[in-house]
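Fold and geometry: a report
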Amino acid sequence: MPSSFYKIKCKDCSNEQIVFSKASTVVRCSICGSVLAQPTGGKAEIKGEILEELGNA
Ligand SMILES: [Zn+2]
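We now turn to the structure provided with this report. (Residues numbered from 1 in each chain as written. Predicted model: local features only at pLDDT ≥ 70, side-chain atom pairs only at ≥ 80, totals over all residues. Heavy atoms only, no water.)

As for the packing of aromatic side chains
All told, the structure shown has 1 aromatic pair when counted by the stated rule. Relative to F20, the ring of F5 has its centre 5.2 Å away and its plane inclined at 45°; by these criteria the two rings are tilted. Note that F5 is positioned in strand 1 (residues 5–9) and F20 in strand 2 (residues 16–20), a separation of 15 residues in sequence. Given a relative accessible area of 32%, F5 falls into the partly exposed group. (Phe/Tyr/Trp six-rings, centres within 6.5 Å; stacked < 30°, edge-to-face > 60°. Helix = DSSP H or I, 4+ residues; strand = E, 2+ residues; numbered from the N terminus. Buried < 20%, exposed > 50% of the residue type's maximum accessible area, 1.4 Å probe, protein only.)

Take a look at the structure:
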């Protein structure tokens, strides 16, 4: 299965950030610290709004 990245918009401050779809650690918004992605052992659970899915370039 190809890995990919998501462009995620933080629900709290509207910051847009690129997050790996299989993040193995909690990914936090670089502006406000809100959780954007939570690791589940496979695909990360995305907490923010997914704006775009970016495949492997
Ligand atoms: Zn934020």
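Notes on the sheet that holds strand 4 (residues 35–38)
If you trace the 3 strands from one edge of the open sheet to the other, you get 3-4-5, paired in antiparallel fashion. The two strands at the open ends of the sheet, each matched to only one other strand, are strand 3 (27–28) and strand 5 (45–46). Judged from the 2 bridges that link them, strand 3 and strand 4 form a sheet pairing that is antiparallel. The residue of strand 4 that forms the bridge with V27 is A37. (Pairing = 2+ DSSP bridges.)

Looking at the pattern of salt bridges
For the structure on display, the rule yields 2 salt bridges. When the shortest N-O distance is used, the salt bridge between E52 and K7 registers 3.6 Å. Within this pair, whereas E52 is found in strand 6 (residues 49–54), its partner K7 is found in strand 1, the two being separated by 45 residues in sequence. Accessibility expressed as a relative area gives 36% for E52, which makes it partly exposed. Relative accessible area serves as the criterion here: at 26%, K7 is assigned to the partly exposed category. Between K47 and E45 there is a salt bridge, with its nearest N and O atoms 3.0 Å apart. Residue class for K47 comes out partly exposed when judged on its relative accessible area of 31%. (Salt bridge = Lys/Arg side-chain N within 4 Å of Asp/Glu carboxyl O.)

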